[in-house]
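If you want the building blocks of each chain, they are given just below.
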Amino acid sequence: MGFAAVGIATLEKNAHAAELDRWLAAGYAGTMSYLHRQAAKRKDPARIMPGATVAVVTLTNYWHGSTDPGAMPRGSRARIAQYAWSSDYHAVLGRRLERLAATIRDLAPGAATRGYVDAGPVPERELAQRAGLGWIGKNMMLIDPGRGSFTFIGVVLTDAALAPDLPFGGDRCGTCRRCLDACPTQAFVAPGELDARRCISYLTIERRGAFTATEQVQVGDWLFGCDVCQDVCPWNEKFAVPTEDPELASRPSVTAAAADAAELLAMDDAAFAARYGDTPFARPGRAGMRRNAAAVLAHRVP
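Described in the following lines is the structure provided in the data block.

1. A look at the overall build of the protein chain
Right, so step 1: Within the protein chain one finds 13 helices and ten strands.
Right, so step 2: For 302 residues, the compact-globule formula gives about 19 Å, and the C-alpha radius of gyration of the protein chain, at 19 Å, lands near that figure.
Right, so step 3: Dimensions along the principal axes, computed over C-alpha positions, put the protein chain at roughly 60 × 40 × 40 Å.
Right, so step 4: Expressed as a percentage of the 302 residues in the protein chain, the buried residues total 50%.
Right, so step 5: Sequence separation of at least 24 residues holds for 78% of the intrachain contacts in the protein chain that already meet a minimum separation of 6.
Right, so step 6: Only carbon and sulfur atoms are counted for the fraction: they give 55% of the accessible area of the protein chain, which is about 13600 Å².
Right, so step 7: Between the centroid of the 34 positive side chains of the protein chain and the centroid of its 32 negative side chains there is a distance of 3 Å.

If you want it as structure tokens, here you go:
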């Protein structure tokens, strides 16, 4: 079905519930108010889908073949996180998860299923760890010991009687802190604790409204997202393998945006929707991408 790995997790209460409460209370979620609304279900995933007993968790590799921080094709002027080089992963994985859900229903007639791709109150990384797929690193990414962290996590909740896998045991980061030290904005308050308000991915994707003067400087030459804390991870340097998935191939329109961020400033709503409506750029929308482009262009040295 196109998945790189799959595991089955139980839906007991989240062991990190108290940490989530403290994180939200500290204001580290920034303007992502939906995380406050979703907190109760994130802490108790059995509440997400009534009757669900397990989560079938999948990983899909999206790495495009370079570990140079922010690498883009030669001649590019701005940086774009690798997951956004292709079509919107929500649509690609959504179709695959529905095929997986249909298979579950075939195996367990009468079973209910519900798929999630980076949406809703699903604690994806926690469930992936429970499903035996990896551990959560100091940079908060799920690290698969055989593939690294450049993976999408997709989940199907179900009440089918499926035997759970053993959770992934241990933390293999050891004393390494390369991700923490490499962060351009020092967004990590501590290992495993991120202040999203200082994270470039948050600023360029989830942040609503205009940048402050400080935020504009922090963005640097990142037009969308940031991969620095993944690029420097030894597990990615050693084990990441370029995807051969045709549905996740690089999109010329995205690489063109990296080459000429100024074009975004002149683009109207119709042109933006036609070119980027089915890419991750749709998340911040035209207004957000124009804001990002202006910050990148201001960062450039004449």
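2. A look at the side chain of Thr158
Right, so step 1: Looking at where Thr158 falls in the secondary structure, it is placed in strand β7 (residues 151-158).
Right, so step 2: Each residue touching Thr158, except ones within four places of it in the same chain, is listed here: Met49, Ala52, Thr53, Val54, Val56, Ile104, Ala111, Ala112 and Thr113.

3. Some points on the pattern of salt bridges
Right, so step 1: Applying the stated criterion across every chain yields a total of 18 salt bridges.
Right, so step 2: Its salt-bridge partner being Asp195, residue Arg197 comes within 2.9 Å of it at the nearest N-O pair.
Right, so step 3: For Asp195, a relative accessible area of 4% gives the class buried.
Right, so step 4: With its nearest N and O atoms 3.0 Å apart, the salt bridge here joins Arg251 to Asp278. In this pair, Arg251 sits in the loop between α9 (234-239) and α10 (252-259) while Asp278 sits in the loop between α12 (269-276) and α13 (285-299), placing the two residues 27 residues apart along the sequence.
Right, so step 5: Put simply, Arg95, Arg96, Asp245 and Glu247 are held in one network by salt bridges that share partners.

4. Describing the packing of aromatic side chains
Right, so step 1: Scanning the model with the defined rule gives 14 aromatic pairs in all.
Right, so step 2: Aromatic side chains Tyr83 and Phe224 sit 5.8 Å apart centroid to centroid with 55 degrees between the ring planes, which places their arrangement in the tilted category. With a gap of 141 residues between them, Tyr83 in the loop between β3 (79-80) and α3 (89-107) and Phe224 in strand β10 (residues 222-224) connect regions that are remote in the sequence. Across the pair, Phe224 and Tyr83 agree in class, each one buried.
Right, so step 3: A centroid spacing of 5.4 Å and a plane angle of 55 degrees characterise the contact between Phe272 and Tyr276, whose relative ring orientation is tilted.

5. What about a positive patch on the surface?
Right, so step 1: The grouping of Lys13, Lys41, Arg47 and Arg114 at the surface amounts to a positive patch.
Right, so step 2: Note that Lys41 resides in helix α2 (residues 34-43).

Cut-offs used in this document
Residues numbered from 1 in each chain as written. Predicted model: local features only at pLDDT ≥ 70, side-chain atom pairs only at ≥ 80, totals over all residues. Heavy atoms only, no water. Helix = DSSP H or I, 4+ residues; strand = E, 2+ residues; numbered from the N terminus. Rg over C-alpha atoms; globule rule 2.2 N^0.38 Å. Buried < 20%, exposed > 50% of the residue type's maximum accessible area, 1.4 Å probe, protein only. Contact = heavy atoms within 4.5 Å. Areas by Shrake-Rupley, 256 points an atom, 1.4 Å probe, with all protein chains shown as cover. Lys, Arg positive; Asp, Glu negative; His and termini not counted. Charge placed at Lys NZ, Arg CZ, Asp CG, Glu CD. Salt bridge = Lys/Arg side-chain N within 4 Å of Asp/Glu carboxyl O. Phe/Tyr/Trp six-rings, centres within 6.5 Å; stacked < 30°, edge-to-face > 60°. Patch = residues over 30% accessible without salt bridge, like charges linked within 9 Å, V, L, I, M, F, W, Y side chains within 5 Å.

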